[in-house]
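Listed below are the residues making up each chain.
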Amino acid sequence: MPQIVVLTGAGISAESGVPTFRDEDGLWEGHRVDDVATPEGFERDRAMVQRFYDERRAALAKVEPNAAHRALAELEESLGSALLVVTQNIDDLHERAGSRHVVHMHGELLKALCRSCGGTFPWTGALSDEPACPGCGVHDLRPDVVWFGEVPYEMDRIADALAEASMFVSIGTSGAVYPAAGFVQHARRHGARTLELNLEPSEGSHFFHEARQGRAGDLVPVWAR
Ligand code: BJW
């Protein structure tokens, strides 16, 4: 069981050039959240949603992990499975930096989910071309991401890890989206020390024992050292 659970959000990938959601010039600028991040939005305009994720998948190929991702991977080298990274991010920058114990609670951009057979498959190409499922052959693939109203992945594993952890660190997340925004209280109830590393105080900053403000690329290497 991990002793340290790290929750990451869009802010940790910002310095790699991946837009956050709720900041100025964020991903939601120019998009209604209900249109691109709900199952109902997908039903309404499937082609538009597929293009939105196709563009993000293509952009992901052009960015690299930054100092914050690398610092967490280096920490895992010395701690092994005592460190668990739970990320809300759908990018693969933790893995590319070298982290191995990563839970993608909101899914992964580089996977497709078949709405017919329920299978998930590695996916680097476009989904807007309506390709066939490699498992069942039906043309009904969607990005393997968790939209509003859907249940995030691996919630039992995350709850157990938070209950066991002696330290919980939240990095680069606004604390606007549940259930991730509630992890700090869960960890505290079970006795963990809690720390927030974020550009600005998040919506839930007051729940943490300590909150440090700055860029993840500066703060995380100092904390992880
Ligand atoms: C930097 C930085 C730098 C910038 N360095 N920092 C009322 C009350 C409570 C809950 C609800 C409610 N009404 C509805 C709900 C539930 C709903 C919810 O939370 N809604 C809220 C809006 C209120 N949640 C859900 O529906 C979830 N499912 C659920 O609850 O199921 C029920 C259930 C749960 C558990 C067990 C059983 C049942 C699902 C949520 C799915 C969220 N999906 C998205 C899209 C994923 C795919 C995609 O990427 O397109 O996930 S939404 C989007 O927000 C994405 C993110 O992962 C998520 C969080 O965003 P994040 O990462 O915090 O980014 P930002 O942009 O908000 O913040 C970035 C931060 O970084 C900022 O603070 C910056 O300052 C900082 N920063 N640069 C350090 N360089």
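Residues numbered from 1 in each chain as written. Predicted model: local features only at pLDDT ≥ 70, side-chain atom pairs only at ≥ 80, totals over all residues.

Visitor: Tell me what's going on with helix α9 (residues 216-224), and back it up with residues and numbers.
Guide: Three or more residues of α9 are buried, namely A216, L219, V220 and A224. When α9 is viewed along its axis, its buried side chains cluster within an angular range of 115° and face the same direction. Check the buried side of α9 and you find it contacts α1 (10-14), α5 (67-79), β7 (167-171), β8 (193-198) and β9 (210-213). (Buried ≥ 20, exposed ≤ 12 C-beta atoms within 10 Å, placed from the backbone. Helix = DSSP H or I, 4+ residues; strand = E, 2+ residues; numbered from the N terminus. Arc of directions from axis to C-beta. Contact = placed C-beta atoms within 7 Å.)

Visitor: Can you lay out the nonpolar core for me, pointing to particular residues and giving the numbers?
Guide: Counting residues in each nonpolar core, the largest one holds 37 residues, and the members touching the most others are V5, V6, L72, F168, I171 and V220. For this core, the element with the most residues is α5, which contributes 5 residues. When residues no more than four places from it in sequence are discounted, the contact partners of L72 are V6, V85, H94, S99, V220 and A224. (Core = buried A, V, L, I, M, F, W, Y, C linked by C-beta atoms within 7 Å.)

Visitor: How would you explain unusual backbone geometry if you had to name every residue and give the values?
Guide: The omega torsion across Y178 and P179 is 5°, close enough to zero to call that bond cis. By secondary structure assignment, the location of P179 is in the loop between β7 and α8 (183-189). Its identity is not glycine, yet E130 carries a phi of approximately 55°, on the positive side. With respect to the secondary-structure elements, E130 resides in the loop between β5 (120-122) and β6 (141-145). Take E130: there are 12 C-beta atoms within 10 Å of it, and that puts it in the exposed class.

Visitor: So, the environment of L72: which residues are in play, and what are the values?
Guide: Take L72: it is sitting in helix α5. Judged by C-beta crowding, with 29 C-beta atoms within 10 Å, L72 ranks as buried. Placed 13 residues apart in sequence, L72 and V85 show a C-alpha to C-alpha distance of 8.3 Å.

Visitor: Got a sec to walk through the UniProt feature "binding site: Zn(2+)" (unreviewed entry) in the chain? Specific residues and values, please.
Guide: According to UniProt, the feature "binding site: Zn(2+)" (unreviewed entry) maps to C114, C117, C133 and C136 in the numbering used here. Across 23 residues in sequence, these annotated residues keep their C-alpha atoms within 8.6 Å of one another, forming a single compact spot. As for its position among the elements, C117 is in the loop between β4 (107-114) and β5. In this structure C117 comes out as partly exposed when scored by C-beta crowding, with 14 C-beta atoms within 10 Å. Excluding its chain neighbours within four sequence positions, the residues that come into contact with C117 are C133, G135 and C136. Along the polypeptide, C133 turns up in the loop between β5 and β6. (UniProt positions renumbered as here; feature names shortened; annotations may be inferred.)

Visitor: Describe the site of the ligand, listing the residues and the values that go with them.
Guide: Taken together, the neighbourhood of the ligand is formed by 36 residues, with G9, G11, F21, Q88 and S174 sitting nearest. Counting residues per element, the shell around the ligand draws most heavily on α1, at 3 residues. Its residues assigned to classes, the shell around the ligand comprises 18 nonpolar, 12 polar and 6 charged. (Near = placed C-beta within 6 Å. Nonpolar A, V, L, I, M, F, W, Y, C, P; charged D, E, K, R; others polar.)

Visitor: Describe the confidence of the model for the chain, with residues and values.
Guide: When pLDDT is averaged along the chain, the result is 96, and 100% of the positions lie at 70 or above. Interface confidence in the predicted complex, given as ipTM, is 0.96; pTM for the same model is 0.97. (pLDDT = per-residue confidence, 0-100.)

Visitor: Quick one: what's the story with the sheet that holds β9, residue by residue and with numbers?
Guide: A sheet is described by the order of its strands in space; here 6 strands give the open sequence β3-β2-β1-β7-β8-β9, paired in parallel fashion. One side of each edge strand has no neighbouring strand; the edge strands of this open sheet are β3 (102-104) and β9. Within this sheet the neighbouring strands show an average axis-to-axis angle of 15°, counted without direction. Taken strand by strand, α9 contacts β7, β8 and β9, and its axis lies near 150° from that of β8. (Pairing = 2+ DSSP bridges. Axes fitted to C-alpha atoms, helices over the stretch in contact; angles between N-to-C directions.)

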